[in-house]
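Each chain, letter by letter, is given below.
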Amino acid sequence: MTQTTPAVRLRGITKSFGSNLVVEPLDLEIGRNEFFSILGPSGCGKTTLMRMITGFETPSGGSVELDGKTVDRVPTRQRDLNMLFQSYALFPHLSVYENVAFELRVRKTAKAELDTRVREALALVRLEDFAKRKPSELSGGQRQRVALARAVVGRPAVVLLDEPLGALDQKLRKEMQFELKRLQKEVGITFIYVTHDQEEALTMSDRIAVMSHGRVLQVASPTEIYDAPISKFVAGFIGSCNLIDGVVTDDNGGRRVVVPGLGPVPATLPDDFATGTPVALGVRPERTTLTDQPSEGAFEGVISERVFLGDEWTYHVRAGDQTLTVRVPSGEMSAALASLPEGGRVWVSWPAAAGRVLPADATDAPVLNGSPA
Ligand SMILES: Nc1ncnc2c1ncn2[C@@H]1O[C@H](COP(=O)(O)OP(=O)(O)OP(=O)(O)O)[C@@H](O)[C@H]1O
Ligand SMILES: [Mg+2]
């Protein structure tokens, strides 16, 4: 196979349970050595999609290719992949070492190589000193790390990880993120990764797929997903975002977005939004500026709430009919602004480049931009 053959290619893959369509027909390509994350709310179909790739779940339609070969009739154990489940199970009677070694023993891997691989995998998850323990003698997080070692020890082409770091504390989680990324670069494994943690997805992924109700809404790099979401759902799901309802108007001021109660707002307005179209304007809180003085183009409002978060302050400002979320880095907080209590008068602004115009409708049209970058 050529270097450009994707590790995974899905064509029209879909799944229904009875009359319940849980994964809508989907085309997707995941590249070799790509770190591909799937993000979406609980029940949107992430695990079902992963299980169809592994063969644990039979698709209702469509087909799965691994390394250019159709595997629809290939049983899971003959697919060159491994999946770490959300609810993984270790063999309770086997030691940590033997749990990790299990698959290699089944494959009759030579003794010396087996030992090297198992020790490498245990080192990866920082459990070198726990090889002789039984699962019952480990903490929840340690058990999860054994399961992780077991998933990568056989060096499959594709590893699917369903919330693998969920049970770990924040510090260990960060370490493991780093180690996973290192392993993936070194060994050249394709990772398909499900997480609820958007920061984790943003920092680790080459590309992210955002799912909702069985549909993939957008597939893009972390920066593109964050800076150029194509829908209200994606904008609101990844990071926080002000979503302000408005309408495209064309008057003496030219084509622009007008928000009831605020008037014309700074926005980058693509040509494909016709005059009269209702739209939502997406503005990230960190792209806004808050002052205690009026300035050109700024909207006057009243502080309805403010919260100190250490490195920043989050303000809720009531302006017109809108409540805007505004972030002020602690280092940029002026004494004048700091002295204003809730109820104080403030001005909010943002540059036109920070105002992203999105379709107003809640029903998201899926965009199946399913090719590796
Ligand atoms: N075997 C099954 N029979 C019937 N319905 C199922 C089955 N497995 C999953 N579902 C349903 O399919 C939908 C998608 O489930 P899935 O497990 O893929 O969600 P998920 O995105 O992984 O959610 P979570 O983040 O909570 O793990 C849910 O509505 C779920 O109830
Ligand atoms: Mg799941």
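Under an unreviewed UniProt entry, the name given to the protein is Spermidine/putrescine import ATP-binding protein PotA, and the source organism is Kineosporia corallincola. Within the UniProt record for the protein, the comment given under Sequence similarities (unreviewed entry) is "Belongs to the ABC transporter superfamily. Spermidine/putrescine importer (TC 3.A.1.11.1) family." Of the protein, the UniProt comment under Subunit (unreviewed entry) reads exactly: "The complex is composed of two ATP-binding proteins (PotA), two transmembrane proteins (PotB and PotC) and a solute-binding protein (PotD)."

A. Expanded view of the site of ligand 1. Around ligand 1 lies a shell of 12 residues, among which Ser42, Gly43, Lys46, Thr47 and Thr48 are the nearest. Note that an oxygen atom of ligand 1 is positioned 2.7 Å from one of the side-chain N or O atoms of Thr47. Coverage of ligand 1 by the protein chains reaches 60% of its 640 Å² of free accessible surface. Top element by residues in the shell around ligand 1 is helix 1 (residues 46–54). It accounts for 3 residues. Looking at side-chain class alone, the shell around ligand 1 contains 4 nonpolar, 7 polar and 1 charged residues.

B. Quick look at the layout of surface pockets. Its boundaries defined by the atoms lining it, the largest pocket holds a volume of some 640 Å³. Lining the largest pocket we find 23 residues, and of these Leu81, Asn82, Met83, Glu103 and Arg150 sit closest to its centre. When contributions to the lining of the largest pocket are tallied by element, the ones reaching two or more residues are strand 6 (81–84), helix 2 (96–106) and helix 4 (140–152). In this model, the second largest pocket occupies a volume close to 330 Å³. Looking at the second largest pocket, it is lined by 22 residues, and the ones nearest its centre are Asp227, Pro229, Gly355, Arg356 and Val357. Of all elements in the fold, only helix 7 (222–227), strand 14 (278–283) and strand 20 (356–359) reach the threshold of two or more residues within the lining of the second largest pocket. Per-element tally for the lining of the second largest pocket: the top contributor is strand 20, with 4 residues. Among the residues making up the lining of the second largest pocket, the classes are represented as 13 nonpolar, 3 polar and 6 charged.

C. Region of interest: the sheet that holds strand 7 (residues 158–162). If you walk across this open sheet you meet the 6 strands as 6-7-8-3-9-10, and the pairing is mixed. Either end of the sheet is taken by a strand with one partner, and the two such strands are strand 6 and strand 10 (215–220). Pairs of neighbouring strands in the sheet enclose a mean axial angle of 15 degrees, with direction left out of account. Here 5 bridges tie strand 7 to strand 8 (residues 190–194), and the two strands are oriented parallel to one another. Note that in strand 8 the partner of Val159 across the bridge is Phe191. Packing against the sheet, helix 1 makes contact with strand 3 (35–39), strand 6, strand 7, strand 8 and strand 9 (207–212), and its axis sits at approximately 155 degrees to strand 7. Where helix 4 meets the sheet, it contacts strand 6 and strand 7, and its direction lies at approximately 170 degrees from that of strand 6.

D. Spotlight on the environment of Pro222. Turning to its location among the elements, Pro222 is positioned in helix 7. Residue classification places Pro222 among the buried positions, given a relative accessible area of 13%. Separated by 43 residues in sequence, Pro222 and Val265 place their C-alpha atoms 27 Å apart. Excluding residues that lie within four positions of it along the chain, Pro222 makes contacts with Ala201, Leu202, Ser205, Asp206, Arg207 and Ile208.

Reading guide: rules and limits
- Residues numbered from 1 in each chain as written.
- Chains lettered and ligands numbered in written order.
- Predicted model: local features only at pLDDT ≥ 70, side-chain atom pairs only at ≥ 80, totals over all residues.
- Heavy atoms only, no water.
- UniProt positions renumbered as here; feature names shortened; annotations may be inferred.
- Near = heavy atom within 4 Å.
- Polar contact = N/O pair within 3.5 Å; in protein donor to acceptor, adjacent residues only side chain to side chain.
- Areas by Shrake-Rupley, 256 points an atom, 1.4 Å probe, with all protein chains shown as cover.
- Helix = DSSP H or I, 4+ residues; strand = E, 2+ residues; numbered from the N terminus.
- Nonpolar A, V, L, I, M, F, W, Y, C, P; charged D, E, K, R; others polar.
- 1 Å grid on protein atoms, 1.4 Å probe; cavity = no way out; pocket = protein on both sides within 12 Å on 5 of 7 lines; lining within 4 Å.
- Points joined across faces, edges and corners; volume = space filled by probe spheres on them.
- Pairing = 2+ DSSP bridges.
- Axes fitted to C-alpha atoms, helices over the stretch in contact; angles between N-to-C directions.
- Contact = heavy atoms within 4.5 Å.
- Buried < 20%, exposed > 50% of the residue type's maximum accessible area, 1.4 Å probe, protein only.

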